[in-house]
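The residues making up each chain are set out below.
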Amino acid sequence: MSIQSEYTRLVNKYLDSNMSGSEKFIFEEQLTSDPLLKAEFDHQNEIINGLKEYRKTQLKTRLDNVTINPGILGVISQSATVKTLSYVVTSILVGTGSYMYFAGEEVVHVNLPAIESKLEFVNPETSPSPFGRQLDYRYTKTINPSPWIDLAEERPIVETLKEEANTIDFNVPEVKDDVAGDVIPEPDQILEKVITQNVPFTEAVKIDKVDIENVVTNRYKFHYKLDNNKLYLYGKFEASPYEIIEINSFQAKKLFFYYNGQYYRLYQDINDISPLIKIQDQKVITELNIIKSKG
Amino acid sequence: MKDREVLERVSKGDEKALEYLYKKHYRMMTRIVLNNNGSEDEAKDIYQEALLAFWQKAIGGNLVLTSKISTYLYSVCLNLWRKELDRKGKFAENDKEEYTFQEFEKKERVRIIHECIHELGDNCRKILTYHYFDGLSMTDIAKKLNLANTDTAKTKKYKCKKKLDLLIKRKYSSSDFLD
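Each value, and the rule that gives it
- The residue numbering used here restarts from 1 in each chain and proceeds along that chain's sequence as written.
- Whichever chain is written first becomes A and whichever ligand is written first becomes 1, with later ones labelled in order.
- Only residues with pLDDT of at least 70 are given local features in this predicted model, and only at 80 or more are side-chain atom pairs given and counted; all residues enter the totals for whole chains, interfaces and linings.
- Secondary structure is summarised from DSSP: a helix means a run of H or I of at least four residues, a strand means a run of E of at least two, and numbering begins at the N terminus for each.
- Counting other C-beta atoms within 10 Å of each residue's C-beta, where C-beta atoms are placed from the backbone, gives the exposure class: buried for 20 or more, exposed for 12 or fewer, partly exposed between.
- We call two residues in contact whenever the C-beta atoms placed from their backbones are within 7 Å.
- Only strands joined by at least two bridges in the DSSP assignment are considered to pair.
- Here a nonpolar core is just a set of buried residues of the types Ala, Val, Leu, Ile, Met, Phe, Trp, Tyr and Cys, joined wherever their C-beta atoms sit within 7 Å.
- Helix span, expected: 1.5 Å multiplied by one less than the number of residues in the helix.

Novice: Honestly, the overall build of chain B in this entry has me stumped. Any pointers?
Specialist: If you tally the helices and strands in chain B, you get eight helices and zero strands. When burial is assessed residue by residue, chain B has 29% of its 179 residues classed as buried. Residue pairs in contact within chain B that sit at least 24 positions apart in sequence constitute 60% of those at least 6 positions apart.

Novice: Got a minute to help me understand unusual backbone geometry in this structure?
Specialist: Glycine aside, the phi torsion of most residues is negative, and most peptide linkages are trans. Within the chain, asparagine 260 of chain A stands out as a residue other than glycine whose phi angle is a positive 60 degrees. Here asparagine 260 of chain A shows up in the loop between β8 (253-259) and β9 (262-266). The residue asparagine 37 of chain B is not glycine, and still its phi comes out positive at about 65 degrees. Inspection of the secondary structure puts asparagine 37 of chain B in the loop between α2 (15-34) and α3 (40-59).

Novice: Help me out: how do you make sense of the pairing of strand β6 (residues 230-235) of chain A in this one?
Specialist: Across a regular strand the side chains alternate sides, sitting on one face of the sheet and then on the other. Residues and elements named next belong to chain A. Pairing of strand β4 (residues 211-215) with β6 involves five bridges; the strand directions are parallel. Along β6, the bridge assignment pairs asparagine 214 with leucine 233. With six bridges connecting them, strand β5 (residues 222-227) and β6 associate as antiparallel partners. Across the sheet, histidine 223 pairs through a bridge with tyrosine 234, a residue of β6.

Novice: Teacher, can you tell me more about the environment of glutamine 280 of chain A here?
Specialist: If you trace the backbone, glutamine 280 of chain A turns up in the loop between β10 (274-275) and α10 (282-294). It is 8.3 Å that separates the C-alpha atoms of glutamine 280 of chain A and tyrosine 263 of chain A, two residues lying 17 residues apart in sequence.

Novice: So what exactly am I meant to see when it comes to the nonpolar core here?
Specialist: The nonpolar side chains of a soluble globular protein tend to be buried, and buried together. Among the nonpolar cores identified, the biggest contains 47 residues, and Tyr47, Ala50, Leu51, Trp55, Leu73, Cys77 and Leu164 of chain B are the most heavily contacted of them. Only α3 (35-64) of chain A together with α2, α3, α4 (69-93), α5 (96-119), α6 (122-134), α7 (138-144) and α8 (150-174) of chain B provide two or more residues apiece to this core. With ten residues, the top contributor of residues to this core is α3 of chain B. Setting aside chain neighbours within four positions, we find leucine 164 of chain B in contact with Ile47 of chain A together with Cys116, Ile117, Leu120 and Leu128 of chain B. Counting ten residues, the second-largest nonpolar core is a separate cluster that includes Tyr224, Tyr234, Phe257 and Val284 of chain A.

Novice: Whenever I open this one, α3 of chain B confuses me. Can you help?
Specialist: Counting along an α-helix, one turn takes 3.6 residues, and residues three or four places apart therefore face a common direction. All names here are of chain B. Between its terminal C-alpha atoms α3 stretches 28 Å, which fits the 28 Å expected from 20 residues at 1.5 Å a residue. Three or more residues of α3 are buried, namely Ala43, Lys44, Ile46, Tyr47, Gln48, Ala50, Leu51, Leu52, Phe54, Trp55, Ala58 and Ile59. A positive phi of about 70 degrees marks glycine 61, the residue just after α3.

Novice: How should the sheet that holds β6 of chain A be read in this particular structure?
Specialist: Within a sheet, adjacent strands bond to each other through the backbone by hydrogen bonds, running parallel or antiparallel. Here four strands make up an open sheet; going across it, the order is β4-β6-β5-β10 (chain A) and the pairing mixed. One side of each edge strand has no neighbouring strand; the edge strands of this open sheet are β4 and β10 of chain A.

As structure tokens, this is what we get:
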């Protein structure tokens, strides 16, 4: 027997665990000192590892061929009905999404004029009211010292309302007329506001009797004070006919004083003696004349 | 099939029982890897490795189950995947070219050995693989392969191993793997 064969026999005996304790000890000692034995040992180890790998691959291939049943979710997801349903749902989602995306812009665009028309009542200075006409006005950004009629763009309300009816309601909050920012409205402008809202005068207006007392004094020339439904006139007033016009709107009661062919606004909530200020707006005067003639 | 029955069949080298076990716990075991940044292939490979480790231990009589088979497999899968992640991390740090060369040489040797194993006859292949990988005793191999007795199995195993050895050495010489 050659040395090579002897080494092979020894290594196989060792790897098969067929050596006694002393034989094993001697072999391991020899393994560290004999390179040929070490080479044969490595070679035999390689073969055994190769055999192991071979078998492992064989078993793994066998396991790979095992059919794994899909879980419940897998079965459901693979069924034709669920697939069809998923396609339908996806189509609906895509369609709805597209509609919402494109229609969203359109709705905003259409409603912008409606929002503007509601905002135009906010600022009395910028919402002039053509007396007796059903018109609304759009405020332009430019502050123009020219008369208000030049700033306005005439647009019938009726048309706007039709347009709103065809669109989705955004519930745009109504802006209260009395919210006018820091601007204290002039008496004429307040009246304008009331008229702009198209309050039916036949229902809201009535002429009431108010007691009038003339207080002759040098201190005041043309003043007044309202107290407990009684009008005190301070100054030298002629004995010409006086008239009190009361307008009851759904928001407030407004009093006007007619004297000597002129109209004056009376404020009830002012406790002090105040000067009478003449109404100069021709349209307001015209309207008051109509009311006066009816009364 | 209950765990005890499965273990009994596996320890006798019943490959059908191995298939049953593989199928039974596939979803649960592969999920360990899939939920921890692993791919479907990696998950399957780890599970197969764990199952084969269980197979070898069961046949070798080295397995004492103190829990369910699924619990055992779960912990093996978890450990194997941790090792794999660790190996991946170390591989990224090492010199890639040197590693590739070593791998190439090793793979060549393994390829030659596999070639030679394949050239062996079916019986030889079974005797050697059952013995070295599965850890079946010569008596069990004799029974499984319908050999006359244990000694016949031993002699056959010796001859088959010698044949394989010669085949490999011949191929190594032609491929300059041997000095």
